[in-house]
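# Summary of the model geometry
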Amino acid sequence: MKVTLAPLEGLLVIEPKIFGDSRGFFMETYSRERYRAAGITEDLLQDNLSLSRRGVLRGLHFQNPAPQGKLVYVLQGAVFDVAVDLRRSSPTFGKWYGTTLTDENKKQLWLPPGFAHGFCVTSETALFTYKCSAYYAPENEHTIRYDDPDIGIEWPIADPLLSDKDRNAKGLVESDKAVLFD
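Residues numbered from 1 in each chain as written. Predicted model: local features only at pLDDT ≥ 70, side-chain atom pairs only at ≥ 80, totals over all residues. Heavy atoms only, no water.

In this section: the environment of Lys 95. Looking at where Lys 95 falls in the secondary structure, it is placed in the loop between strand E8 (78-85) and strand E9 (96-102). Residues Lys 95 and Leu 8, spaced 87 residues apart in sequence, show a C-alpha to C-alpha distance of 7.8 Å. Once residues within four sequence positions are removed from consideration, Lys 95 is found in contact with Leu 8, Ala 83, Val 84 and Asp 85. (Helix = DSSP H or I, 4+ residues; strand = E, 2+ residues; numbered from the N terminus. Contact = heavy atoms within 4.5 Å.)

Across the junction of Gly 59 and Leu 60, the peptide omega takes the value 10°, indicating a cis bond. Tracing the sequence through the fold places Leu 60 in strand E6 (residues 57-63). Geometrically, the link from Asn 64 to Pro 65 is a cis peptide bond, its omega value of 5° lying close to zero. On the secondary structure map, Pro 65 appears in the loop between E6 and strand E7 (70-76). Phi is positive for Lys 106, which is not a glycine, with a value near 55°. Here Lys 106 lies in the loop between E9 and strand E10 (108-111).

Attention now moves to the state of the cysteines. Applying the stated criterion across every chain yields a total of zero disulfides. Note on Cys 120: no disulfide assigned, nearest cysteine sulfur contributed by Cys 132 at a separation of 19 Å. The buried category is assigned to Cys 132, whose relative accessible area is 0%. (Disulfide = S-S within 2.5 Å. Buried < 20%, exposed > 50% of the residue type's maximum accessible area, 1.4 Å probe, protein only.)

Here the focus is the sheet that holds strand E1 (residues 2-5). Read across the sheet, six strands follow the order E1-E2-E10-E7-E12-E5 without closing on themselves; strand pairing throughout is antiparallel. In this open sheet, the two edge strands, each paired with only one partner strand, are E1 and strand E5 (46-53). Strand-to-strand twist across the sheet, computed as the mean angle between neighbouring axes with direction ignored, equals 25°. When E5 meets strand E12 (residues 125-132), the two strands line up antiparallel, connected through eight bridges. Each bridged residue has a counterpart across the sheet, and for Leu 51 the counterpart in E12 is Leu 127. (Pairing = 2+ DSSP bridges. Axes fitted to C-alpha atoms, helices over the stretch in contact; angles between N-to-C directions.)

Here it is as structure tokens:
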């Protein structure tokens, strides 16, 4: 697999090796030893799957305490995937990185604990999967506004479909500093 360092420390873009022929393809989506060698040392404890339609935007979500590292990728469709650095001691605090993940490019993005995560669907539908390093704890989940001007994410859609939680989220500056990461 090819591993590329993203511009925010700790983020990795992973391109698994694809073995294809006229029948289709085979790829390894995760191998603990291989991913540890690439720098993902967290144990991945929980898998999640979401189905969303075009224009849906989910995020920016994070969990603290019990932060989650996430290995994310698309099984079907296409999304614009975003990570925001919420580590206050990081030189890239409040900065974002985005990349397109599709069932065709088969790229994966690793977000270590300390990042908020979001994505918007750019295909008709998208099946999106997460491997997480901590169990989901709804009492520890927090949301940062997807269109926070202080972060300045350049989403590829103008009028996203949002949950009430995402629509009513606060910006980074207005968020409770106690829930951010040191």
